[in-house]
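# Reading the structure
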2 protein chains.
Amino acid sequence: MDLLTDLQGEFWFTEPHTPNAGLTLKVKKQLYHRQSEYQLVEMFQTYDFGIMMTIDKLVMLTERDEAAYHEMIVHVPALMHPAPKTALVVGGGDGGTLRELIRHPSIERAVQVEIDEAVVEASRRHFPWAEEVYQNSRVELIIDDALKYVKETRDRFDIVVVDSTDPVGPAVKLFEENFYSNVRDCLTENGLMSCQIGAPFYHLEHVQETLETIRRVFGNGELYLAHMPGYPSGLWSLGLASKQLPLDTPPDLQRLKAMIGDLRYYNEDLHSGAFALPQYVRKQVKL
Amino acid sequence: MDLLTDLQGEFWFTEPHTPNAGLTLKVKKQLYHRQSEYQLVEMFQTYDFGIMMTIDKLVMLTERDEAAYHEMIVHVPALMHPAPKTALVVGGGDGGTLRELIRHPSIERAVQVEIDEAVVEASRRHFPWAEEVYQNSRVELIIDDALKYVKETRDRFDIVVVDSTDPVGPAVKLFEENFYSNVRDCLTENGLMSCQIGAPFYHLEHVQETLETIRRVFGNGELYLAHMPGYPSGLWSLGLASKQLPLDTPPDLQRLKAMIGDLRYYNEDLHSGAFALPQYVRKQVKL
């Protein structure tokens, strides 16, 4: 099956989720195409999912559904932390995670370490939120290898969001114990880490192994879920771990109230509901 | 885009979820094909989703993910009811809903009213659970129009599960006020109804209108969600209403404990977690 098939003048982008199943989206036109040092970065205007970024032919995000992922990966830890001032984003060159972080007035400094400048360039040109986000004075962009950054930095962060690509190519090591140890060491005392893990429906063992790695490193760790129609199976798992804050700390409803008018997916019901795992997942990940 | 495309000897079944987005599954072979009085009923052996039933080219269920839908539509009401003895299934000719109902030892009689005998025939031949379910002495199959049945029956049921197809063709009237009124009148005093509604991501207005209809009829009604990778967007909404039992009645953990070893999706965490709605849904459906 071709990834981009011309059917009588129509262009369909198909992402195989397995060799035998996939999502297919009709594309109006290609907006961006650059083979960077690391990967092939492309942007498309789709008919029903807005602007879509793909890396090495895999859907990274679409305008239509990205809010679920970005709001969940940011607001779950950020509203549990009593007053987050500093945040680090690993990856996330599309700017969606930064956008959600700077909704929090307490955030004074949000550092993003993205390995591939092409991802930032494509996003600034085509995602409607990105240029404004990168121009925000609280945002600091570093084009570098985050593995090296978390190992070497002496800065400490209240929130670290690991907004990586899938564990292929440059992101493989972002799922390993050594990396998570360095992330833990970058956290302040009340600090929290969130990270993207994968689709339990298709990759349950990868999800389990990643969660186990996190639990070994932090001594705690939970899985939570977000509904992402553009991602394989439509359900994505995120990980949450902390240096010392209990993982059942409730979100700060006062701070949420001030921002909920701008949110599309996250709310206080989902904050706890997202940790309820289907039985096939719960069985596999309970230690 | 053809629904079944031959790409160099490979067969791909594609369900358009919108005119511009869809799920595509590789098919090994067709198992069943019958144009009934009502609709085109087909069964396929897929590579990654097991056996799949389609009606009028729409995915009804696949072996791989049907448990989420059937367990959630049955066990949420059945474990809230103190001791359900009688159940009515509207539609559900594939037998999955019946299979979950008869897991409850208290159920003495489960009546299914399915309009299309072809759905039952195809399922009994090809779904591994169906023949045994239909031979169970507590199961009573009626091939008839459920609209008429719920209007005319004098029987009363503890649980009514409306396991309909989408609101096209014969199922349109199963989403209307008159039908839900008759369902309410079929319930015993502690009776509960669950029903399938649709994909909030694609059809939010339909979901809202159906829930409003249910709330008008029952004076109560809540939405809950199940992750269904084979359905549009991967997230499906179900409705719950009762004659008098509060909709926040917790599930009976004693009865759940005796059956959870056989469940793949439902558990007590999800029982409440599934009612947590994404903000874009909650905003739309809160009255």
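Residues numbered from 1 in each chain as written. Chains lettered and ligands numbered in written order. Predicted model: local features only at pLDDT ≥ 70, side-chain atom pairs only at ≥ 80, totals over all residues. Heavy atoms only, no water.

### Digging into helix α7 (residues 204-218) of chain A
Side chains that are three or four residues apart share a direction in an α-helix, a result of its 3.6 residues per turn. Residue and element names in this part refer to chain A. In plain terms, the rule: Comment: elements are numbered from the N terminus, with helices defined as DSSP H or I runs of at least four residues and strands as E runs of at least two. In a helix, the anticipated span is given by 1.5 Å times the number of residues less one. Residue exposure (1.4 Å probe, protein chains only): buried if accessible area is under 20% of the type maximum, exposed if over 50%, otherwise partly exposed. The contact definition used throughout considers only heavy atoms, calling two residues in contact when any of these lie within 4.5 Å.
Taking 1.5 Å of rise per residue, the 15 residues of α7 would be expected to cover 21 Å, and the 21 Å separating its terminal C-alpha atoms lies within 8% of that figure. When we look at burial in α7, the residues that qualify are Leu204, Val207, Gln208, Thr210, Leu211, Thr213, Ile214, Arg215, Val217 and Phe218. Close packing links the buried residues of α7 with α6 (177-186), β11 (187-198), β12 (222-227), β13 (235-242) and α10 (279-285).

### Let's talk about the environment of B:Lys29
Residues and elements named next belong to chain B. Here lysine 29 is to be found in strand β3 (residues 21-35). Each C-alpha atom, one on lysine 29 and one on glycine 96, is 22 Å from the other, the two residues being 67 residues apart in sequence. Aside from chain neighbours lying at most four places away, what touches lysine 29 is Phe44 and Gln45.

### A short note on the packing of aromatic side chains
Rules: For Phe, Tyr and Trp, where Trp contributes only its six-membered ring, two rings pair if their centres lie within 6.5 Å, and the inter-plane angle classes them as stacked under 30 degrees, edge-to-face over 60, or tilted in between. Note on criteria: charge over ring means Lys NZ or Arg CZ within 6 Å of the ring centre, with the direction from the centre no more than 35 degrees off the ring normal.
Tallied over the entire structure, the rule returns 18 aromatic pairs over all chains. Relative to A:Trp129, the ring of A:Phe127 has its centre 4.7 Å away and its plane inclined at 10°; by these criteria the two rings are stacked. The exposure class of A:Phe127 is buried, given its relative accessible area of 2%. An angle of 80° between the planes, with centres 5.2 Å apart, marks the rings of A:Phe201 and A:Tyr202 as edge-to-face. As far as burial versus exposure is concerned, A:Phe201 and A:Tyr202 are alike and both buried. Taken together, the ring pairs connect A:Phe49, B:Phe201 and B:Tyr202 into an aromatic cluster. The ring centre of A:Tyr47 lies 4.8 Å from the NZ or CZ of A:Lys26, which sits over that ring. Its end group placed over the ring of A:Phe201, B:Arg64 keeps NZ or CZ at 4.2 Å from the ring centre.

### Quick look at the relation of the copies chain A and chain B
Rules: A least-squares fit on C-alpha atoms brings the copies together, and the residues used are those whose pLDDT is at least 70 in both copies.
Superposing chain A onto chain B requires a rotation of 180° together with a translation of 0.0 Å along the rotation axis, leaving an RMSD of 0.0 Å. Such a turn and shift between the copies fits a two-fold axis. Of every C-alpha in chain A, the one belonging to A:Gly273 sits nearest the axis of rotation, 2.0 Å from it.

### Some details on the confidence of the model for chain A
For clarity, the cut-off: The predictor reports its confidence for every residue as pLDDT, a score running from 0 up to 100.
Residues of chain A with pLDDT of at least 70 account for 97%, and the chain-wide mean is 95. Complex prediction metrics read pTM 0.95 and ipTM 0.95.

### Overview of the layout of surface pockets
Put simply, the test is: With a 1 Å grid laid over protein atoms only, a set of points is called a cavity when a 1.4 Å probe fits there but cannot get out and a pocket when it is open yet has protein on both sides within 12 Å along at least five of seven lines; lining residues have an atom within 4 Å of a point. Grid points are joined across faces, edges and corners, and a volume is the space filled by probe spheres set on the points. Throughout this entry, Asp, Glu, Lys and Arg are counted as charged residues, while Ala, Val, Leu, Ile, Met, Phe, Trp, Tyr, Cys and Pro are counted as nonpolar. The remaining residues, Gly among them, count as polar.
Put simply, the largest pocket is a space of about 750 Å³. Around the largest pocket, the lining is made up of 45 residues, and of these B:Met60, B:Ser164, B:Thr165, B:Asp166 and B:Gln196 lie nearest the centre. Take the lining of the largest pocket: its biggest share by element is four residues, from strand β6 (residues 58-62) of chain B. The residue inventory of the lining of the largest pocket, partitioned by class, reads 24 nonpolar, 12 polar and nine charged. Lining the second largest pocket are 32 residues, and of these A:Met60, A:Gly92, A:Asp163, A:Ser164 and A:Thr165 lie nearest its centre. Mapped by element, the contributors of at least two residues to the lining of the second largest pocket are β5 (51-55), β6 (58-62), α1 (66-80), β7 (86-91), β8 (109-114) and α5 (146-152) of chain A. With three residues, β6(A) is the single largest residue contributor to the lining of the second largest pocket. Residue composition of the lining of the second largest pocket, by class: 18 nonpolar, eight polar and six charged.

### Description of the pattern of salt bridges
Threshold: Salt bridges are defined as contacts in which a side-chain nitrogen from Lys or Arg sits within 4 Å of a carboxyl oxygen from Asp or Glu.
According to the stated counting rule, one finds 40 salt bridges over all chains in the structure shown. The closest approach of N and O atoms between B:Glu10 and B:Lys26, which form a salt bridge, is 3.4 Å. Of the two residues, B:Glu10 is situated in strand β2 (residues 10-18) and B:Lys26 in strand β3; the sequence distance between them amounts to 16 residues. Accessibility expressed as a relative area gives 27% for B:Glu10, which makes it partly exposed. Under the relative-accessibility criterion, B:Lys26 is labelled buried at 14%. One salt-bridge network, in which partners are shared between bridges, spans A:Glu66, A:Arg99, A:Glu100, A:Arg103 and A:Arg264.

### Brief notes about the sheet that holds strand β10 (residues 157-163) of chain A
Within a sheet, neighbouring strands are paired by backbone hydrogen bonds and run either parallel or antiparallel to one another. Residues and elements named next belong to chain A. This is how it is decided: Paired strands, in this sense, are two strands between which DSSP finds at least two bridges. To obtain an axis, a line is fitted to C-alpha atoms, over the contacting stretch when the element is a helix, and the angle between two such axes runs from 0 to 180 degrees between their N-to-C directions.
If you walk across this open sheet you meet the seven strands as β9-β8-β7-β10-β11-β13-β12, and the pairing is mixed. The open sheet terminates on both sides in strands that have one partner only, identified here as β9 (139-143) and β12. The mean angle between the axes of side-by-side strands here comes to 20°, regardless of whether they run parallel or antiparallel. By the bridge criterion, six bridges tie β11 to β13 in an arrangement that is antiparallel. In the sheet register, glycine 198 faces β13, and the bridge partner there is serine 237. Those strands touched by α1 are β10, β11, β12 and β13, and its axis lies near 140° from that of β12. Strands in contact with α7 are β11, β12 and β13; relative to β11, the strand with the most contacts, it is inclined by about 170°.

### Focus: empty space enclosed by the protein
Rolling a probe over the atoms, with the probe sized like a water molecule, indicates the empty space that remains. All chains considered together, the criterion is met by two cavities of 30 Å³ or more. Within this model, the largest cavity holds a volume of roughly 250 Å³. As for the largest cavity, its lining consists of 20 residues, and the residues nearest its centre are A:Leu235, A:Gly273, B:Leu225, B:Leu235 and B:Gly273. Where the lining of the largest cavity is concerned, the elements lending two or more residues are β12 and α9 (268-273) of chain A together with β12 (222-227) and α9 (268-273) of chain B.

### Quick word on the environment of B:Gln196
Residues and elements named next belong to chain B. Test applied: In protein, a polar contact means a hydrogen-donor-capable atom and an acceptor-capable atom, both N or O and within 3.5 Å, with residues adjacent in sequence counting only if both atoms are side-chain atoms; elsewhere, any N or O pair within 3.5 Å suffices.
By secondary structure assignment, the location of glutamine 196 is in strand β11 (residues 187-198). Accessibility expressed as a relative area gives 2% for glutamine 196, which makes it buried. For glutamine 196 and valine 76, which are 120 residues apart along the polypeptide, the C-alpha to C-alpha distance reads 13 Å. Beyond its immediate sequence surroundings of up to four residues, glutamine 196 is in contact with Tyr69, Ile73, Val162, Ser164, Thr165, Asp166, Phe175, Trp236, Ser237 and Leu238. Of note is the side chain of glutamine 196, whose polar atom sits 3.1 Å from the backbone oxygen of serine 164. A distance of 2.7 Å separates polar atoms of two side chains, one belonging to glutamine 196 and the other to tryptophan 236.

### What about the interface of chain A and chain B?
Taken together, the contacts link 41 residues of chain A with 41 residues of chain B. Summed over the shared surface of chain A and chain B, the number is four salt bridges. Close ionic contact of B:Asp269 with A:Arg282 constitutes a salt bridge, the shortest N to O distance being 3.0 Å. Between the two partners, chain A and chain B, sit 24 residue pairs in polar contact (both at pLDDT 80 or more). Within the residue set of the side of chain A that touches chain B, elements represented by two or more residues are β2 (10-18), β3 (21-35), α9 and α10 of chain A. For the side of chain A that touches chain B, the element with the most residues is β3(A), which contributes six residues. In terms of residue class, the side of chain A that touches chain B is made up of 22 nonpolar, 11 polar and eight charged.

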